[in-house]
Each structure stands twice: as structure tokens, then as C-alpha cells.
Amino acid sequence: FISFFKVKTRYIGNGVDIKKFKAKKINFKKDSLNFCTICRVSRGKGLEDLIFNFKKILKSFPMSQLLIIGGPRNNEDKKYYNYLYHKYELKKFKKKIKFTGLTNNVSSYLNKNDVYIHPSKREGMPRSLIEAMSSGLICISSNVRGSRELIKNNINGFIYNNNDDLLKLMFKVFKLKNNQIKKISNKSSNFIKRNFNQQKYLGSQSEYVRMII
């Protein structure tokens, strides 16, 4: 519609507080890793793929953990949470698969984890993935719009196309050498610093507001 009428537009976008989501020192334990994701507990977020594959990881690396940072927001979400709880027998895995519930303390949870999984089925520009990359976690994401613009596969993270690929990548991170981990982590956090610094975006927004008024 805008293109048809040749209206001149400029997209400013958004960013994250890189001081709050500061890169942590990654120190992998080869026999166990802490996986996490950030999302509302609802359909379309890929949680079934993540939980299904993580339970397979536990068979080989029983000391690993999965933290789902988020929770249900409404009755429909609560029904879905109950569906997940019963289908995947989460009661048996309550020490290995945990939900934080809705929280404003995302950065502190990210700092306690090693690998971030973004299994969402659709996205715009995923802020949660930006936060995880800024924190220096090793990031694995589904091949969806937004994630493809953030992650360069095998350079600053990993992209997967299907459920089998996700499982392979979750096993792959256990085999990464320390220098590979450090390199990926640094490239990930530095990319966000250069391109998604919140202060930079706020400055651009202020500049264009002044131009309008």
C-alpha cells in the first residue's frame, strides 16, 4: 500500500540493553549442558519439538537441564501447558525440565545457561534471540524469518530446518572445542553490539521525532 502511493518511509527497529544483557564467560561441561529458551508457553513456539528432543539428550547426558523462561498468559495457554505437562510426563522430569513462569528477570536466567534454543515456528525479529546472543550464549534457531537475519549458520550460531536437525545440533554442541565455543560466543555478542544496541536505536528515534515536530 505504501509502495503504491510512493510514500517515503524509514524503518528504525529496536534493540536491547547490551549492558544488561552482557556476554558471559562460557564454560561448557562436556558431560552436561544447561539449555534454555525464552517464550510465552503457547502453541507455535516449538516447545513440543524442544521438549521431545531434550528428553533424548538426557539419555546420553543425564546431568543436563532445560529451562523454559516464561509461562502461560491466559486460559488457552494454561490448557496448552497442561497438555505439555501430561503428554511429555513432565512430572517425572521436574528436576530436569523447569518453567520459570512469567518473569522480568530474563538476563539473570540467561547468565546461568550455556545454550539457547529458539524453536519458534514463525517470527518477526525475535527479541529473545537477540537477548540470548547479546549474552554470549551458543544459539540454535529454527530457520524462520528474523532468525535468519540474526544468525549466520556455523559462524555466530546454528540454524536448523527440521526436528531431526535440531536434535543433531543439540548433540553437536557437546562436541564443540573451547576455542570454537569462544569464537561463536564472541561473534554472536559482537554482532548484537554493532547492530542492535538499544542506545543507538533510541537515538535514531529521538532524532526523527525532533524532525517531525
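What you are looking at is a predicted structure, and each value in this text was computed from that prediction instead of being measured.

A. Inspection of the layout of surface pockets at higher detail. For the largest pocket, the calculated volume is near 450 Å³. Put simply, the parts of the chain that give the lining of the largest pocket at least two residues each are strand 1 (34–38) and helix 4 (127–134). With three residues, the top contributor of residues to the lining of the largest pocket is helix 4. For the lining of the largest pocket, a count of residues per class yields seven nonpolar, seven polar and six charged.

B. Representation of the sheet that holds strand 5 (residues 138–142) within the structure. Spatially, six strands are ordered 3-2-1-4-5-6 in an open sheet, and the strand pairing comes out parallel. In this open sheet, the two edge strands, each paired with only one partner strand, are strand 3 (97–99) and strand 6 (158–160). Neighbour to neighbour, the strand axes of the sheet diverge by 20° on average, direction disregarded. Bridge count between strand 4 (residues 115–118) and strand 5: four bridges; the pairing is parallel. Among the inter-strand pairings, Val115 is bridged to a residue of strand 5, identified as Ile138. This element, helix 1 (residues 47–60), spans strand 1, strand 2 (65–69), strand 3 and strand 4 of the sheet and lies at about 165° to strand 2. Across the face of the sheet, helix 6 (residues 163–172) comes into contact with strand 1, strand 4, strand 5 and strand 6 while running at roughly 155° to strand 6.

C. Fine view of the pairing of strand 1. For strand 1, the buried fraction is high: four of the five residues fall into the buried class. For strand 1 and strand 2, the ladder comprises five bridges, and the chain directions are parallel. Bridge assignment links Phe35 to a residue of strand 2, and that residue is Leu66. Assessed by its sense of winding, the connection that carries the chain from strand 1 through helix 1 to strand 2 is right-handed. Of the pairings in the sheet, the one linking strand 1 to strand 4 comprises two bridges and is parallel in character. Bridge pairing links Phe35 to Val115 in strand 4.

D. Highlighting the packing of aromatic side chains. One pass over the full model with this rule turns up eight aromatic pairs. Taking the centre distance of 6.0 Å and the plane angle of 70° together, the rings of Phe35 and Phe54 count as edge-to-face. You can see Phe35 sitting in strand 1 and its partner Phe54 sitting in helix 1, a full 19 residues away along the chain. In terms of burial, Phe35 and Phe54 fall into one category: buried. Ring geometry for Phe191 versus Phe196: centroids 6.1 Å apart, planes at 50°, classification tilted. The exposure classification of Phe191 matches that of Phe196, with both residues buried. Above the ring of Tyr83, the side-chain terminus of Arg43 is found at 5.3 Å from the ring centroid.

E. Representation of helix 7 (residues 178–195). Taking 1.5 Å of rise per residue, the 18 residues of helix 7 would be expected to cover 26 Å, and the 26 Å separating its terminal C-alpha atoms lies within 8% of that figure. Buried positions along helix 7 lie against helix 4, strand 5, helix 5 (147–150) and strand 6.

Cut-offs used in this document
Residues numbered from 1 in each chain as written. Predicted model: local features only at pLDDT ≥ 70, side-chain atom pairs only at ≥ 80, totals over all residues. Heavy atoms only, no water. 1 Å grid on protein atoms, 1.4 Å probe; cavity = no way out; pocket = protein on both sides within 12 Å on 5 of 7 lines; lining within 4 Å. Points joined across faces, edges and corners; volume = space filled by probe spheres on them. Helix = DSSP H or I, 4+ residues; strand = E, 2+ residues; numbered from the N terminus. Nonpolar A, V, L, I, M, F, W, Y, C, P; charged D, E, K, R; others polar. Pairing = 2+ DSSP bridges. Axes fitted to C-alpha atoms, helices over the stretch in contact; angles between N-to-C directions. Contact = heavy atoms within 4.5 Å. Buried < 20%, exposed > 50% of the residue type's maximum accessible area, 1.4 Å probe, protein only. Right-handed = clockwise from strand over helix to strand, strands pointing away. Phe/Tyr/Trp six-rings, centres within 6.5 Å; stacked < 30°, edge-to-face > 60°. Lys NZ or Arg CZ within 6 Å of the ring centre and 35° of its normal. Expected span 1.5 Å × (residues − 1).

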